[in-house]
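Summary of the model geometry
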Amino acid sequence: MISLINVFTVDPANQNRLLDLLARATDEFVSRAPGFVSSTLHRSLDGTKVTMYAQWRSVEDYESMRQDPGPLPFLEEALTIAKFEPGMYEVVRTFSPIDR
């Protein structure tokens, strides 16, 4: 499994628009792609960042989805209002609460 942590820097006036574009791309296309596991959208409290955390079964599944032209208009529009800093990671360790 791979994790993507994508950080978008945006003017606070456009944060909701960016969230909508990313949610629509994910709802309408990305979430239907083979190998998609999950994604979570986060908004910064100061309005200047949107972060999307996503998990995919494999790099190959993610790259295959990237070839789909469906989500492209949403992402292209998002890049007109935000700067994009992508990152691909693998999970090293997950921490959970310890019962006391």
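Calculation rules
Residues numbered from 1 in each chain as written. Predicted model: local features only at pLDDT ≥ 70, side-chain atom pairs only at ≥ 80, totals over all residues. Heavy atoms only, no water. Phe/Tyr/Trp six-rings, centres within 6.5 Å; stacked < 30°, edge-to-face > 60°. Helix = DSSP H or I, 4+ residues; strand = E, 2+ residues; numbered from the N terminus. UniProt positions renumbered as here; feature names shortened; annotations may be inferred. Buried < 20%, exposed > 50% of the residue type's maximum accessible area, 1.4 Å probe, protein only. Contact = heavy atoms within 4.5 Å. Arc of directions from axis to C-beta. Core = buried A, V, L, I, M, F, W, Y, C linked by side-chain atoms within 4.5 Å.

1. Topic: the packing of aromatic side chains
Under the criterion given, the structure shown has four aromatic pairs. Ring plane angle 80° and centroid distance 5.4 Å describe the contact between F36 and W56, whose orientation is recorded as edge-to-face. Taken together, the positions of F36 in strand β2 (residues 36–43) and W56 in strand β3 (residues 49–56) put the pair 20 residues apart, joining distant regions of the chain. Every member of this aromatic cluster is reached through a ring pair, and the members are F36, W56 and Y62.

2. Structural notes on the UniProt feature "domain: ABM" (unreviewed entry) in the protein chain
UniProt feature "domain: ABM" (unreviewed entry): in the numbering of this structure it lies at residues 2–92. Helix makes up 35% of residues 2–92 and strand 34%, with an end-to-end C-alpha separation of 11 Å.

3. A closer look at the environment of A82
By the secondary structure assignment, A82 is in strand β4 (residues 82–85). A relative accessible area of 11% places A82 in the buried class. Through-space distance from the C-alpha of A82 to that of Y62 is 22 Å; in sequence the pair is 20 residues apart. Once residues lying within four places of it in the same chain are set aside, the contact partners of A82 are F8, T9, V10 and L18.

4. Topic: the environment of E28
Here E28 is to be found in helix α1 (residues 15–28). Classification of E28 by relative accessible area gives partly exposed; the value is 39%. Placed 42 residues apart in sequence, E28 and G70 show a C-alpha to C-alpha distance of 8.3 Å.

5. Remarks on helix α2 (residues 59–66)
What α2 keeps buried is the set D61, Y62 and M65. Viewed along the axis of α2, the buried residues span an arc of 100°, placing them on a single side of the element. Those residues of α2 that are buried are in contact with β1 (2–10), β3 and β5 (88–89).

6. Looking at the nonpolar core
Counting residues in each nonpolar core, the largest one holds 13 residues, and the members touching the most others are F8, V10, L18, L21, L22, V50 and A82. Breaking this core down by element, the ones donating at least two residues are β1, α1, β3 and α3 (72–81). Top element by residues in this core is α1. It accounts for five residues. If sequence neighbours within four positions are ignored, V50 has contacts with N6, V7, F8, V10, Q15, L18, L19, L22, L41 and H42. Listed in part, the nine residues of the second largest apolar core include I2, L4, V30 and A33.

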